[in-house]
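Here's the letter readout for the chains.
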Amino acid sequence: MSLKQYMDVNPEVAKALEEGRPVVALESTIISHGMPYPQNKETALKVEEIIRAEGAVPATMAIINGRLKIGCTAEDIEYLGKKGLAVNKTSRRDLPILVAKKEDGATTVATTMILASMAGIKVFATGGVGGVHRGAETTMDISADLEELAMTPVMVVCAGAKSILDLGLTLEYLETKGVPVIGYQTKELPAFYTSKSGFGVDYRLDTPEEIAEAFYVKQQLNMKGGMLVTNPIPTAFEMDPAVINKAIEQAVREANEQGVKGKNITPFLLDRIQQITGGDSLNSNIQLVFNNARLAAKTAVALAKLEK
Ligand code: PSU
Ligand code: MN
């Protein structure tokens, strides 16, 4: 009995891994729960193209009929995009149950890291990560994404985190857990829709090669856990902070009023923000994911050279 019996590794991904070529993991909750259809599947397919154009191989992770998909096909992505919120949002605690029950699951940052690590993939690109929620001092709502970053050796390239979260507490938590937080060409934590949050990061690195080197050293030193690379949204696609912050405040207020809890909070907030701000936030969201895919692919290429 082995791990492999639960996994379907896409042949293109399997070949790249065998040959030591760069692979970039991608999550599927961003497809099912992060964007509406059909923009979700169009974005997911375009992200894969961007990664290929940089000389790496994309591997979108998901669970379909209980099978761990290491590299979805275009048909899988269409299926997950269309099924949307009806797909189970799958974090660490959900994974074994869905596999045992042979159900479908969309992987969060935490679960995508788990599948990437099982398959031997080191670099992962997404939009935003989960974190410490506002009011966590009473609700204890802290995303399992942060625990995963503390224990699983995968680098996550994101555009920071949305201020649906308490960004200050999120940084404190990551520090406690020993997760390096890198700003790509910036000393400030980006806040997803905007390039600035008012919070500093500890380390600024300016090239994909420097990021790859830092992660490579962490591996060589046998230190557990990953690394969070925060890549600011390009200024051309930034949102007006006043507009987006007002929408976030409203969404958070509505979630509290309606008593939304647990795993439903993040999808509820993402959906409400999109409704309140219309197409503007969706376009920013799409553009920052493209930007992260490009940086992740370049970094995976640099890392593959170091590992040769
Ligand atoms: N934040 C975003 N977009 C997303 C998510 C978070 O801006 O799509 C998704 C990711 O899959 C992330 C998950 O891993 O939500 C975190 O959920 P929770 O807060 O319930 O841990
Ligand atoms: Mn939560």
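Each remark here, short or long, concerns the structure printed above.
Since the model is a prediction, treat every value here as computed from it, not as a measurement.

1. Concerning the overall build of the chain
Helix and strand counts for the chain stand at 13 helices and 11 strands. In summary, the chain has a C-alpha radius of gyration of 18 Å against a globular reference of 19 Å for 308 residues, a match within 12%. With respect to the principal axes defined by its C-alpha atoms, the chain has extents near 50 × 40 × 35 Å. Considering the chain as a whole, with its 308 residues, one finds that 56% of them fall into the buried category. The long-range share in the chain, meaning contacts at least 24 apart out of those at least 6 apart in sequence, stands at 74%. Averaged over its 33 positive side-chain charges, the chain has a centre that lies 4 Å from the centre of its 37 negative ones.

2. What about helix H8 (residues 144-151)?
Every buried residue of H8 is listed here: Asp 145, Leu 146, Glu 148, Leu 149 and Ala 150. Looking at the buried side of H8, the elements it contacts are helix H6 (109-119), strand E8 (155-158), helix H9 (167-176) and strand E11 (227-230). The opening residue of H8, the one whose side-chain oxygen lies 3.0 Å from the backbone nitrogen of Asp 145, is Ser 143.

3. Some details on the site of ligand 1
Around ligand 1 sit 14 residues, and of these Glu 27, Lys 89, Ser 143, Lys 162 and Thr 266 come closest. Between Lys 89 and ligand 1, the recorded distance is 2.6 Å, taken from a side-chain N or O atom to an oxygen atom. Contact distances for ligand 1 include 2.7 Å between an oxygen atom and a side-chain N or O atom of Asp 145. For ligand 1, the protein covers 92% of the area, taking 470 Å² as the surface of the free molecule. Within the residue set of the shell around ligand 1, elements represented by two or more residues are helix H2 (29-32) and helix H12 (265-277). Here the shell around ligand 1 is composed, by residue class, of four nonpolar, six polar and four charged.

4. Re the packing of helix H3 (residues 39-53) against helix H13 (residues 279-307)
In a pair of packed helices, the angle between the axes and the distance between the axes together describe the arrangement. Packing of H3 against H13 brings their axes to within 9 Å, and their N-to-C directions diverge by 25°. With respect to each other, H3 and H13 are oriented roughly parallel. Between H3 and H13 lies a crossing whose hand is right-handed. Across from Gln 39, Thr 43, Lys 46, Val 47, Ile 50 and Ile 51 in H3, the residues of H13 making contact are Leu 282, Ile 286, Val 289, Phe 290, Ala 293, Arg 294 and Ala 297. Taken together, the residues of the contact of H3 with H13 break down into nine nonpolar, two polar and two charged.

5. A few points about the side chain of Thr 111
As for its position among the elements, Thr 111 is in helix H6. A distance of 3.3 Å separates polar atoms of two side chains, one belonging to Thr 111 and the other to Thr 108. For Thr 111, the residues in contact, after removing those within four places along its chain, are Thr 90, Ser 91, Arg 92 and Leu 95.

6. A few points about the packing of aromatic side chains
Taken as a whole and judged by the stated rule, the model has one aromatic pair. Against the face of Phe 290 rests Lys 46, its NZ or CZ located 5.1 Å from the ring centre. The ring of Phe 192 has Lys 162 lying over it, and the distance from NZ or CZ to the ring centre is 3.8 Å.

7. As for the pairing of strand E4 (residues 67-70)
Where strand E1 (residues 7-9) lies against E4, three bridges are found, and the strand directions are parallel. Each residue of the ladder has a partner; that of Met 7, found in E4, is Leu 68. Here strand E3 (residues 57-64) pairs with E4 via four bridges, running antiparallel. If you follow Met 61 over to E4, its bridge partner there is Ile 70. The hairpin turn running from E3 into E4, its antiparallel successor, is two residues long, and Asn 65 in that turn takes a positive phi close to 50°.

8. Description of the packing of H6 against H8
Packing of H6 against H8 leaves a shortest axis separation of 8 Å and a crossing angle of 30°. Regarding the angle of H6 to H8, the classification is roughly parallel. Contact with H6, carried on its side by Val 109, Ala 110, Met 113 and Ile 114, involves Ala 144, Asp 145, Glu 148 and Leu 149 of H8 and no other residues of that element. Looking at the contact of H6 with H8, its residues break down into six nonpolar, no polar and two charged.

Calculation notes
The residue count restarts for each chain, going from 1 along the sequence in the order it is written. All chains are assigned letters beginning with A, and all ligands numbers beginning with 1, in the order in which they are written. Confidence filtering applies because this is a predicted model: local features only for residues at pLDDT of at least 70, side-chain atom pairs given and counted only at 80 or more, and all residues used for totals across whole chains, interfaces and linings. Side-chain measures were taken over the full set of non-hydrogen atoms in the model, leaving aside hydrogen atoms and water. Here a strand is any run of E in DSSP of at least two residues, a helix any run of H or I of at least four, and the numbering for each starts at the N terminus. All radius of gyration figures rest on C-alpha atoms, and the globule criterion is 2.2 Å times the number of residues raised to 0.38. Using a 1.4 Å probe on the protein chains alone, a residue whose accessible area is under 20% of its type maximum counts as buried, one over 50% counts as exposed, and one in between counts as partly exposed. Should any heavy atoms of two residues lie within 4.5 Å, those residues are considered in contact. Charged residues are defined narrowly, with Lys and Arg counted positive, Asp and Glu counted negative, and His plus the chain ends left uncounted. For the purpose of locating charges, the reference atoms are NZ of Lys, CZ of Arg, CG of Asp and CD of Glu. Here a polar contact is recorded for every N or O atom pair within 3.5 Å, except that within protein the pair must consist of a potential hydrogen donor and a potential acceptor, and residues adjacent in sequence are included only if both atoms are side-chain atoms. Put simply, a residue is near a molecule or strand once any heavy atom of it comes within 4 Å of that molecule or strand. Note on areas: Shrake-Rupley, 1.4 Å probe, and residue coverage restricted to the protein chains presented here. Residue polarity is assigned by list, with Asp, Glu, Lys and Arg as charged and Ala, Val, Leu, Ile, Met, Phe, Trp, Tyr, Cys and Pro as nonpolar; anything else, Gly included, falls into the polar class. For helices, the fitted axis covers only the stretch in contact; all axes are lines through C-alpha atoms, and the angles between them, taken along N-to-C directions, range from 0 to 180 degrees. By definition in this entry, angles of less than 35 degrees are roughly parallel, angles greater than 145 are roughly antiparallel, angles of 65 to 115 are roughly perpendicular, and the rest are oblique. Each crossing is labelled by how the near helix is turned from the far one, with a counterclockwise turn of less than a right angle marking it left-handed and a clockwise turn marking it right-handed. Any two of the Phe, Tyr and Trp rings considered here, Trp counted by its six-membered ring, make a pair once their centres fall within 6.5 Å; the pair's planes then place it as stacked at under 30 degrees, edge-to-face at over 60, or tilted in between. Note on criteria: charge over ring means Lys NZ or Arg CZ within 6 Å of the ring centre, with the direction from the centre no more than 35 degrees off the ring normal. At least two DSSP bridges between two strands are required for those strands to pair.

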